[in-house]
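# Remarks on the overall topology
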Amino acid sequence: MAVTRTAGIVGGGHTRWGSREATYKDLIQEAGKATFDSVPDMGPEDIEGLFVGSVQPERFAFQTHVAPLVAELLGIDVDAMIARTELACASGQAALRYAWLAIAAGQLDVALVLGVEKMNPPGGHMPEAQASMTNVMDREFDGVNGLNAPPYFAMVAQRHMYEYGTTREQLALVSAKNKRHAAHNEFAQFQDEVTVEEVLESYPLSPPLCLYDCSGITDGAAGLVLMSEEKAREVTDEAAWITGSGQACFASNSVNNLPSMSGWPQATTAAEKAYDQAGVTDPLRELDVAEIHDCFSISEIVEYEDLGWVEKGEGGRFVEDGRSALDGDIAVNPRGGLLGCGHPLGATGVSQALEIYDQFRGDVPAERRVPDPETGLIHNLSGSASVHSVMILRA
Amino acid sequence: MSDHDTIELPETIELPRLLDFYELQSAAHTGIHEFYENLRHGQLSTTRCRDCGNLQFRPHRLPGVSGDDLEYVDLPHEGELFAFSTVGPVLRLECNRRCRS
């Protein structure tokens, strides 16, 4: 597919992520202000299109029609395109992709992309929030039988260990690496470093996965301003250009009938489409930084393989050999990942893209700064990992 | 605590919809209620296409989207375990040690 017009990220902003004493609206306003503060000489009056990633505001915040809510809270009169995107854990990247395509198609020049989720309800209603997570997969079979994310990814871990010899310690290395980065991210939910031993000794939430193998239940928001190349060059010479994007979905929302329980061929399809569009022929050599979907430690290991960086079964060794470290082949999750930052569903993809933009500009603490990155990737999976979304960015 | 947070304890408490699994397994809520009815009688079952004989799992609703002629068939109660986990407040299963070997 040809991309007719180039678009780039020219700024963005973040709320603190965590279990926040803040409402859904508070989070939107915090992220919106931070986003507009990041782009001088531009304000709400310049926004033509608004794209909001948010997964379950109806259940978490008792609100629907949330894109117009964001418009009201941020004072944006939209005159070209407005939509909310819901694609479970990939909703933020979906919002960014639609904004990019709207600009590429010449429908608008300036878009705001905002991802937001309020997952910790006040007043002790966490069981309701937890129950809501079971309706991401097929409710009438998986959900009502009690299956939510942790046991599904636990079974993926178990099959990967069984089929390829991946070790429990290799899973823990992913958590320790990403939480080490999050310790230097002021927006992260979890800012404490943990050792491999501490991961292994943490609560066995869904064996073989322990508590520190799992991302959080998180309140948070993040925003981005996306502009056509012509507009972007008026406000900055440091845009992060979107050069490729791909998605693939297997025809099942249930964990049953997936083509594999130890791999995600849809990730390979989505990545190949994105690489091809961006002109990336050797991702391991050409990618400098990647923000990939470590909802659980096993996910990152499977993704090393299925994004085409190493042979199937070599993912555990990839982290063990330091090849995903800041100074490795590809610096993976320098932001701190979902394991360190938490995972406010609709905001995650937006925050990942903002991290790539910040890394390109060197605007991150030295402890987690990638040396001179020029090409970056973001990746999200959603639901039972039947859907994968990949985007390539260039400095 | 405000007044509306205080209630008399009722005889029965209606669970939130999603926590009430059984209601969601009824004919009014799902096209695969027969699977749950069979399960309630101790029988694991699924649908099979009468034309080609292929089993589907999870069961499809009847009639299938493809127009296939489907029927419920019993599944055996013994099989090879492919993968398993548990979730929630579980006892420490010494999984770390077992999974390493």
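Residues numbered from 1 in each chain as written. Chains lettered and ligands numbered in written order. Predicted model: local features only at pLDDT ≥ 70, side-chain atom pairs only at ≥ 80, totals over all residues.

### Things to note about the sheet that holds strand β3 (residues 70-74) of chain B
On the basis of which strands lie adjacent, the open sheet formed by three strands has the order β2-β1-β3 (chain B) and antiparallel pairing. Of all strands in the sheet, those with a lone pairing partner are β2 (55-56) and β3 of chain B, marking the two edges. (Pairing = 2+ DSSP bridges. Helix = DSSP H or I, 4+ residues; strand = E, 2+ residues; numbered from the N terminus.)

### A closer look at helix α16 (residues 345-361) of chain A
Residues and elements named next belong to chain A. With 17 residues, α16 ought to run about 24 Å at 1.5 Å a step, and its terminal C-alpha atoms sit 26 Å apart, in line with that. Burial runs high along α16: 15 of the 17 residues are buried. Phi turns positive one or two residues past the end of α16, at Gly362, with a value near 70°. (Expected span 1.5 Å × (residues − 1). Buried ≥ 20, exposed ≤ 12 C-beta atoms within 10 Å, placed from the backbone.)

### Overview of helix α1 (residues 24-37) of chain A
Relative to the 20 Å expected for 14 residues at 1.5 Å per residue, α1 of chain A spans 20 Å between its end C-alpha atoms, a close match to the ideal helical length. If you check which residues of α1 of chain A are buried, you get Tyr24, Leu27, Ile28, Glu30, Ala31, Gly32, Thr35 and Phe36 of chain A.

### Concerning the environment of Ser299 of chain A
Tracing the backbone shows Ser299 of chain A in helix α13 (residues 297-306). Not counting the four nearest positions on each side in its chain, Ser299 of chain A is found in contact with Phe153, His293, Asp294 and Leu381 of chain A. (Contact = placed C-beta atoms within 7 Å.)

### A few points about the pairing of strand β4 (residues 110-117) of chain A
Residues and elements named next belong to chain A. Most of β4 is tucked away: eight of the eight residues are buried. Residues Val110, Leu112, Leu114 and Val116 of β4 are buried on one face, and the alternating residues Ala111, Val113, Gly115 and Glu117, pointing to the opposite face, are buried as well. Relative to β4, strand β2 (residues 49-53) runs parallel, the two being bridged by five bridges. Bridge pairing links Val52 to Leu114 in β4. Summarising the sheet, β4 and strand β5 (residues 220-228) pair through eight bridges and their orientation is antiparallel. What sits directly across from Ala111, in β5, is Leu226.

### Side note on the nonpolar core
Generally speaking, soluble globular proteins have nonpolar side chains that are buried together. Within the largest apolar cluster, 127 residues are counted, with the highest numbers of intra-cluster contacts made by Ala111, Val113 and Leu226 of chain A. Beyond its immediate stretch of four places on either side in the chain, Ala111 of chain A contacts Ile47, Glu48, Gly49, Phe51, Ala99, Ala102, Ile103 and Leu226 of chain A. (Core = buried A, V, L, I, M, F, W, Y, C linked by C-beta atoms within 7 Å.)

### Quick look at the confidence of the model for chain B
Residue and element names in this part refer to chain B. This prediction gives chain B a mean pLDDT of 77; 66% of its residues lie at or above 70. Across residues 90-101 the pLDDT falls below 50, and counting only partners more than four positions away or on other chains, this stretch makes 14 contacts in the model. Among the scores for the predicted complex, ipTM is 0.80 and pTM is 0.93. (pLDDT = per-residue confidence, 0-100.)

### Quick notes on the environment of Ile82 of chain A
Residues and elements named next belong to chain A. Its place among the elements puts Ile82 in strand β3 (residues 81-85). In this structure the C-alpha to C-alpha distance between Ile82 and Phe62, which are 20 residues apart in sequence, comes to 21 Å. If near-sequence neighbours (up to four positions away) are discounted, Ile82 is found in contact with Gly49, Leu50, Ala67, Pro68 and Ala71.

### Notes on the packing of helix α4 (residues 91-104) of chain A against α16 of chain A
Residue and element names in this part refer to chain A. At a minimum axis separation of 5 Å, α4 and α16 run at an interaxial angle of 60°. Judged by the inter-axis angle, α4 sits oblique to α16. Only Leu345, Gly346, Ala347, Thr348, Gly349, Val350 and Ala353 of α16 make contact with α4, whose side of the interface consists of Ser91, Gly92, Gln93, Ala95 and Leu96. Per-class residue counts for the contact of α4 with α16 are six nonpolar, six polar and no charged. (Axes fitted to C-alpha atoms, helices over the stretch in contact; angles between N-to-C directions. Parallel < 35°, antiparallel > 145°, perpendicular 65-115°, else oblique. Nonpolar A, V, L, I, M, F, W, Y, C, P; charged D, E, K, R; others polar.)

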